[in-house]
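So you can see what is in the structure, the chains are spelled out below.
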Amino acid sequence: MKTIKDLLTEHKFFHEMTPEMLEFIAGCGKNMHFNPGEFIGKQGDPADFLYVIREGNIALQLVQPTQGSLTIRSLRGGEIAGFSWIIPPYRLQFDLRAVEHSSVVALDGTCLRKKCEEDYKLGYYLMKQSATVMTQRLVDTRIQLLDIYGARV
Amino acid sequence: MAQESDHAEVNRQSLQRDIWLPLLYTVKEKKTENRGIVTLTLAPSAEEAIEPMEPGQFNMLYAFGIGEIPISISSLWNLQSTLVHTIQDVGAVSKAFCDLSTGDQVGVRGPYGTRWPLNKAKNKDVIILAGGVGMVPLRPLIERILNDRSRYGKLNVLFGARSPENIIFHQDIISWQADPTLNFQITVDHAYSNWRGHVGVVTYLIEEANFDPENTIAFICGPEIMMRYAVHACLDANVPTDHIFLSIERNMKCATGFCGHCQYGPFFVCKDGAVFSYPQVKIYLNIAEL
Ligand SMILES: Cc1cc2nc3c(=O)[nH]c(=O)nc-3n(C[C@H](O)[C@H](O)[C@H](O)COP(=O)(O)OP(=O)(O)OC[C@H]3O[C@@H](n4cnc5c(N)ncnc54)[C@H](O)[C@@H]3O)c2cc1C
Ligand code: FES
């Protein structure tokens, strides 16, 4: 059976991480599985975990009171969910809900933060990777705001 | 073959006629794609028909008493002299076409414009990136490739729409999704429940595509903002600049390179386009005034 370290090594978010760092954080992780429709976390909940998505489809959703849940981004295997673990006040900004059966490695946020304080190189790596992905998501959101299909064709 | 002789006959007749003169066509079939978008199948009302079309080309469609608009060929599956056009209601003339019923008549002149350079895609991997109704001029291209599949490498069709309600060509999508020779990916900008597919911008689908960048040709069509991002996504994925082709749209009047209405930098879109290579239009793509 693959260990948490093996699973993290396979994931692109950790590709440049040294084996020592992976070993160091693997103890913060556990395997989790979610069924279709299951909530992984709700907006405003404490951001207890960084979810390293192995497979499946997880929706980032906002609730529109009269219209239900609006999905603004779907996250697949190879992606990451739950960045709020690294940013105070450590609360989820969106609902996270499994669309398909999804398997993740959930890294405990408190445990990770403690390790980052102990090892600034690790902290810098996680912050740098998180900033890269968050920036890409911000750009994507801006493109969505432009409503690029609205103008016509 | 019956279809070929049909073509030859149509060809002979059209060579003798005035390209400016609209021919009378009758609406044989009308299909509602979604709210505000219809697909019309038009058949010549008399013997005479326009020349056979190629993927990427367009016709000028005339709604009598209302006006004339450029509309791309939307399918070439049926090689007879019928024409398939998909039209989105955005203003007076396009609305008139969306309001037509079977049996109504329209004027058609064409075909005009450049084609998607399919010959350049021979033995190459292909990325087809469509945004919204930009799928219309790309569908005949997909049909051509699927019809002669062994000539091409890996085929990726990446389709972005605003929401699930804005998706067109559902039947084609079902067959593309089931086709093992084609990697079809679709994404919407946002969706309420019941949508189990991707949600996110079309450019992120590039990550789901299988291709060897150096040996890849990309064909892109959609609103211009979307095409700018799509071109950059291809370039970031190391697709060579001159392997990227896009279809540009400008309002048109004559469609024959005389009136200047469709000027785009040094080009007339009606005659030099609408399909251009990216290096041709690179510097104009970011000029808001053009
Ligand atoms: C080569 C070519 C191929 C085309 N193929 C298709 C097609 O297959 N299906 C289809 O539905 N449409 C297509 N179009 C666009 C179509 O020609 C226009 O939507 C149409 O001319 C609008 O005319 P209208 O009188 O209905 O609206 P108008 O009153 O002229 O315009 C209504 C609104 O739409 C905007 N608009 C008009 N034309 C365009 C355009 N080309 N791009 C962006 N905004 C525009 C106007 O600025 C205005 O805000 C194509 C255009 C070109 C140049
Ligand atoms: S429409 Fe007249 S020159 Fe192009």
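None of the values given here were measured: they were computed from a predicted structure.

Colleague: Which residues make up the interface of chain A and chain B, and what values go with them?
Modeller: On the chain B side, the residues contacting the 26 residues of chain A number 30 residues. For the pair chain A and chain B, the summed buried surface comes to about 2,500 Å²; carbon and sulfur atoms form 57% of the total. A salt bridge links Glu 207 of chain B to Lys 12 of chain A; the shortest N-O distance between them is 3.2 Å. Where chain A packs against chain B, one counts eight residue pairs in polar contact (both at pLDDT 80 or more). Elements represented by at least two residues in the side of chain A that touches chain B include exactly β4 (57-64), β5 (68-76) and α4 (120-145) of chain A.

Colleague: Can you explain the sheet that holds strand β2 (residues 39-41) of chain A? Please cite residues and give values.
Modeller: The strands that make up a sheet pair up through hydrogen bonds in the backbone, lying either parallel or antiparallel. All names here are of chain A. Taking strand neighbours across the sheet as the criterion, the four strands line up as β2-β7-β4-β5 in an open arrangement whose pairing is antiparallel. For this open sheet the edge positions go to β2 and β5, each flanked by a neighbour on one side alone. The average angle at which neighbouring strand axes cross in this sheet is 35°, direction not considered. Strand direction decides the pairing type here: β2 and strand β7 (residues 95-98), joined by two bridges, are antiparallel. When the bridges of β7 are listed, Phe 39 appears paired with Arg 97.

Colleague: Provide a residue-level description of the nonpolar core, including the pertinent values.
Modeller: Residues and elements named next belong to chain B. Grouped together as the largest cluster of nonpolar side chains are 38 residues, with contacts concentrated most on Leu 129, Ile 206, Ile 220, Ile 244 and Leu 246. Secondary structure elements with two or more residues in this core: β3 (58-63), β7 (125-131), β11 (216-221), α5 (224-236), β12 (244-247), α6 (269-272) and α7 (278-281). The leading source of residues in this core is α5, at six residues. Discounting chain neighbours no more than four positions away, the residues touching Leu 246 are Trp 116, Ile 220, Met 227, Val 231, Ala 274, Val 275, Phe 276, Tyr 278, Val 281 and Leu 285. With 35 residues, the next largest nonpolar core counts Trp 116, Leu 182, Ala 191 and Val 199 among its residues.

About the thresholds
Residues numbered from 1 in each chain as written. Chains lettered and ligands numbered in written order. Predicted model: local features only at pLDDT ≥ 70, side-chain atom pairs only at ≥ 80, totals over all residues. Heavy atoms only, no water. Contact = heavy atoms within 4.5 Å. Buried area = accessible area lost by both parts, 1.4 Å probe. Salt bridge = Lys/Arg side-chain N within 4 Å of Asp/Glu carboxyl O. Polar contact = N/O pair within 3.5 Å; in protein donor to acceptor, adjacent residues only side chain to side chain. Helix = DSSP H or I, 4+ residues; strand = E, 2+ residues; numbered from the N terminus. Pairing = 2+ DSSP bridges. Axes fitted to C-alpha atoms, helices over the stretch in contact; angles between N-to-C directions. Core = buried A, V, L, I, M, F, W, Y, C linked by side-chain atoms within 4.5 Å. Buried < 20%, exposed > 50% of the residue type's maximum accessible area, 1.4 Å probe, protein only.

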